[in-house]
Amino acid sequence: MTVATLLRVSSLAKSVPGGRQLFAGLELEVAAGELVAIVGESGVGKSTLLNILAGLDRPDAGEVAIEGIGLASRDDAALTRLRRERIGFVFQAFHVLPYLTLRQNVGLPLALVSAPRHLIDERTDAMLDRVGLGGRGGDYARDLSGGELQRIAIGRALVHEPALILADEPTGNLDPETAGRILALFAQAVREGGAAAIIVTHSDAAAAIADRTLTLTPHGLILRHAR
Ligand SMILES: Nc1ncnc2c1ncn2[C@@H]1O[C@H](COP(=O)(O)OP(=O)(O)OP(=O)(O)O)[C@@H](O)[C@H]1O
Ligand SMILES: [Mg+2]
C-alpha cells in the first residue's frame with residue numbers, strides 16, 4: 001500500500017519579530033492516517049509552528065507543502081480555500097465566537113463552504129452530541145465554561161472532515177474522562193477517516209494515542225517516542 005504524504009515540511013526556520021530564533025532546519029512529514037503529537041517547553045514555538053503549517057503565519061525560510069502544493073505558491077484566496085476545505089484548526093485560545101450559538105459555531109466551517117442547510121444541521125447536531133454538548137445547540141457560546149468552549153472549538157475543527165487536523169493543546173481544559181472521549185474523536189478522524197493530525201500537547205494521554213511523539217527544539221523536531 002502506498003501511503004500518501006499529506007504534509008511535507010523542509011528546512012523551516014522562524015524567528016520572533018524581535019529577532020530571537022525559535023527554530024531552524026525543521027523537517028517533518030506526516031502521512032494521511034497518521035497522528036503525530038508535538039511536545040516541548042512553553043515558549044519554544046509550538047503554536048507558531050502550527051500557525052505556519054496552516055498558512056496563518058509565514059516562515060523566514062523553508063517550505064510547507066500540503067497535498068503536494070507549497071503554501072508559498074498559493075495566494076491569499078487559495079490559502080483561505082485550503083483552510084476552509086482541507087484543514088481543521090483547534091486554537092490554543094479557542095477563538096469561539098461568543099455571540100453565536102453553539103450550533104452556529106460548530107456549523108461555521110460547513111456554512112463557509114455553502115453546504116446545504118439540512119447537511120449543516122445534521123452534521124452539526126451529530127458533532128454537538130459527540131463532544132458531549134448535544135441538546136445545547138441553541139445556547140450562546142459566551143455562557144460556556146472553559147472546557148465547554150474547548151469542546152466547541154474541537155467540534156468546529158472536525159465537523160467538515162478535514163484532511164489535516166492541527167490542534168493546539170486541545171485537552172488542556174478538560175478533566176481526564178472528557179479528555180479521553182475527545183481524544184477518541186481525533187483518533188477516529190485519523191484511523192477511520194484517513195485524516196492526518198498534529199496535536200500539540202502536554203498530556204500523556206494525548207501522546208499515548210499518537211503514532212509518533214516529537215519534541216520541538218531550536219534545532220527542529222526530535223523523535224521522542226514511536227509506536
Ligand atoms: N508577535 C510576537 N512578537 C514577539 N514575540 C513573539 C510573537 N509571537 C510569539 N512570540 C514569542 O515566540 C515564542 C514562541 O511562542 P509560541 O506561542 O509559539 O510558544 P509555545 O511553544 O506555543 O508555548 P506554550 O506552550 O506556552 O503555548 C514565545 O517566546 C513568544 O513570546
Ligand atoms: Mg502555544
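See above for the structure.
Quick look at the overall build of the chain now. Regarding its fold elements, the chain presents seven helices and ten strands. A fraction of 69% describes how many contacts in the chain between residues 6 or more apart in sequence connect residues 24 or more apart. Of the roughly 10700 Å² that the chain leaves accessible, carbon and sulfur atoms contribute 50%. Across the chain, the centroid of the 23 positively charged side chains sits 2 Å from that of the 26 negatively charged ones.

If you walk across this open sheet you meet the six strands as β6-β7-β8-β3-β9-β10, and the pairing is mixed. Strands at the two margins of the open sheet, each flanked by one partner only, are β6 (87–90) and β10 (220–226). Put simply, the sheet's adjacent strands are angled 20° from each other on average, direction ignored. Pairing between β6 and strand β7 (residues 164–168): four bridges, direction parallel. Directly across from I87, in β7, lies its bridge partner L164. Across the sheet, helix α5 (residues 146–158) lies against β6 and β7, angled at about 170° from β6, the strand it touches most. Each of β3 (35–39), β6, β7 and β8 (196–200) is contacted by helix α6 (residues 176–191), which is oriented at about 135° to β3, the strand it contacts most.

Let us now look at the coordination of the magnesium ion (ligand 2). In the first shell of the magnesium ion (ligand 2), the protein supplies S47 (OG) and Q92 (OE1), at 2.0 to 2.3 Å from the metal. Pair noted here: S47 is in helix α1 (residues 46–53) and Q92 is in the loop between β6 and α3 (102–112), with a separation of 45 residues, a long-range link. When its relative accessible area of 45% is taken as the criterion, Q92 is described as partly exposed.

In the structure shown here, the tally under the stated rule is twelve salt bridges. Residue R86 is joined to E67 by a salt bridge in which the shortest nitrogen-to-oxygen separation is 2.5 Å. Of this pair, R86 sits in helix α2 (residues 76–86) while E67 sits in the loop between β4 (61–66) and β5 (69–70), and the two are 19 residues apart along the sequence. Residue R86 is classed as partly exposed on the basis of its relative accessible area of 33%. On the accessibility criterion, E67 (35% relative accessible area) is partly exposed. Notably, a salt bridge pairs R181 with E177, separated by 3.4 Å at the nearest N-O pair. A residue pair is termed a helical-turn pair when its members lie 3 or 4 positions apart in one helix, as R181 and E177 do in helix α6 at four residues. Given a relative accessible area of 59%, E177 falls into the exposed group. Shared partners join several salt bridges into a network, and the residues in it are R136, D139 and E148.

The rules we used
Residues numbered from 1 in each chain as written. Chains lettered and ligands numbered in written order. Predicted model: local features only at pLDDT ≥ 70, side-chain atom pairs only at ≥ 80, totals over all residues. Heavy atoms only, no water. Helix = DSSP H or I, 4+ residues; strand = E, 2+ residues; numbered from the N terminus. Contact = heavy atoms within 4.5 Å. Areas by Shrake-Rupley, 256 points an atom, 1.4 Å probe, with all protein chains shown as cover. Lys, Arg positive; Asp, Glu negative; His and termini not counted. Charge placed at Lys NZ, Arg CZ, Asp CG, Glu CD. Pairing = 2+ DSSP bridges. Axes fitted to C-alpha atoms, helices over the stretch in contact; angles between N-to-C directions. Donors = N, O, S within 2.8 Å, 3.2 Å for Na, K, Ca; no water. Buried < 20%, exposed > 50% of the residue type's maximum accessible area, 1.4 Å probe, protein only. Salt bridge = Lys/Arg side-chain N within 4 Å of Asp/Glu carboxyl O.

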